[in-house]
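# Reading the structure
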Amino acid sequence: MRLKDKVAIVTGSGRGIGEGIVLRFAEEGAKLIVNDVNEADAKSVVEKVKASGGKAVAVIGSVASREAVQKMVDTAIKEFGTVDIIVNNAGITRDVILHKMTDEQWDQVIAVNLTGVFYGIQCAGRVMREKGYGKIINISSTSALGNVGQINYSASKAGVIGMTKTAAKEMGSKGVNVNAIAPGMIWTDMMKSMPPETIKQMDAMLPYMVPMNRKGSPLDIANLALFLASDESSFITGQVIFCDGGMKI
Ligand SMILES: NC(=O)c1ccc[n+]([C@@H]2O[C@H](COP(=O)([O-])OP(=O)(O)OC[C@H]3O[C@@H](n4cnc5c(N)ncnc54)[C@H](O)[C@@H]3O)[C@@H](O)[C@H]2O)c1
């Protein structure tokens, strides 16, 4: 087991990529804090982990709240004794072409995708620094390189890369690895909620845009997160690994 008895927090893990990461980590022996704003989804993921013999606890709340993120860390310590791994995965989109974007759409995305990751790095990072061990994995996006209709989202995801590199430089000497994953097109509810016409166009373009000629699955991201959470990657820090079927080669 690659994460035997490690304690991991995964934000936004009631469905999609986060759920995939929780289930994969649980298979490898980790104890999990399952966070989401959606209580029913978080609890259902906890039940799935328990049904397969693992350990998990739900913490409901938004990563945009420092108190909620601190509660995830406090609950991990209370229930499982420590925090070894945090995956800052929770993220939202509010896609609008730049000249029509409202302040509210900008602020919502920055609060969750950027400030939420800052809180995760800081609150979990304090415990990790103290004990001289930790793995921080931040979920960025290929959109960090720019994408039409996503000025808020791409700014937040590029910001996640800057935070990853800074945190890696600050915490390397404390035994903490900090890396980012930049997923490409991953077939989750986030993608499925796009207008059907956009999905149709993307499917038609897939062979030209993605060398591997398919959309990714949560398991594709979960397997990479597992590698970065394990000691197999102990000399890797401050990196952004694109998991996108070659879309951004
Ligand atoms: N799906 C893709 O193609 C894709 C591509 C690149 C990056 N990503 C990133 O991967 C991450 C996961 O995306 P996904 O596709 O699984 O999305 P998703 O919408 O399917 O799932 C996201 C989960 O996060 C939860 N969430 C939303 N806001 C939250 C908050 N404030 N606090 C806590 N939880 C919250 C949602 O309730 C949901 O369960 C996101 O950061 C996203 O930006 C996704």
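Below: a short report on this structure. (Residues numbered from 1 in each chain as written. Predicted model: local features only at pLDDT ≥ 70, side-chain atom pairs only at ≥ 80, totals over all residues.)

### Concerning the pairing of strand β3 (residues 55-60)
- Inspection of the sheet shows strand β2 (residues 31-36) paired to β3 by six bridges, in the parallel sense. Residue pairing in the sheet places N35 in a bridge with V59 of β3.
- Between the parallel pair β2 and β3, the chain is carried across by helix α2 (residues 39-51), and the sense of this crossover is right-handed. (Pairing = 2+ DSSP bridges. Helix = DSSP H or I, 4+ residues; strand = E, 2+ residues; numbered from the N terminus. Right-handed = clockwise from strand over helix to strand, strands pointing away.)

### Comments concerning the site of the ligand
- Near the ligand, the surroundings consist of 30 residues, among which G12, G16, G91, T188 and M190 are the closest.
- Across the shell around the ligand, the residue classes tally to 13 nonpolar, 13 polar and four charged. (Near = placed C-beta within 6 Å. Nonpolar A, V, L, I, M, F, W, Y, C, P; charged D, E, K, R; others polar.)

### Regarding the packing of helix α1 (residues 16-27) against α2
- Between α1 and α2, whose axes approach to 10 Å, the crossing angle comes to 20°. Comparing their axes, α2 and α1 come out roughly parallel. The crossing of α1 and α2 is right-handed. Residue-level contacts link E19, V22, L23 and A26 of α1 to V45, K48 and V49 of α2.
- Tallied by class, residues from the contact of α1 with α2 come to five nonpolar, no polar and two charged. (Axes fitted to C-alpha atoms, helices over the stretch in contact; angles between N-to-C directions. Parallel < 35°, antiparallel > 145°, perpendicular 65-115°, else oblique. Left-handed = near helix turned anticlockwise from the far one by under 90°. Contact = placed C-beta atoms within 7 Å.)

### As for the sheet that holds strand β6 (residues 176-183)
- The strand order across the open sheet formed by seven strands is β3-β2-β1-β4-β5-β6-β7, and the pairing between neighbours is parallel. Both edges of this open sheet fall to β3 and β7 (240-243), since each of them pairs with a single strand only. The sheet shows a mean angle of 20° between the axes of neighbouring strands, direction not considered.

### Some details on the nonpolar core
- Grouped together as the largest cluster of nonpolar side chains are 67 residues, with contacts concentrated most on A8, V22, F25, L32, V34, A124 and A225.
- Here this core takes ten residues from helix α4 (residues 103-131), the largest share from any one element.
- Once residues lying within four places of it in the same chain are set aside, the contact partners of A225 are I21, V87, I137 and I181. (Core = buried A, V, L, I, M, F, W, Y, C linked by C-beta atoms within 7 Å. Buried ≥ 20, exposed ≤ 12 C-beta atoms within 10 Å, placed from the backbone.)

### Notes on α2
- End to end, α2 covers 18 Å across 13 residues, agreeing with the expected 18 Å (1.5 Å per residue, within 8%).
- Buried within α2 are the following residues: D41, A42, V45, V46 and V49. The arc enclosing the buried residues of α2, seen along the axis, measures out at 140°, which places them on a common side. Across from the buried face of α2, at angles greater than 90 degrees, the exposed residues are E39, A40 and A51.
- In this structure, the buried side of α2 is in contact with α1, β2 and β3.
- Residue G53 follows α2 closely and has a positive phi angle near 90°. (Expected span 1.5 Å × (residues − 1). Arc of directions from axis to C-beta.)

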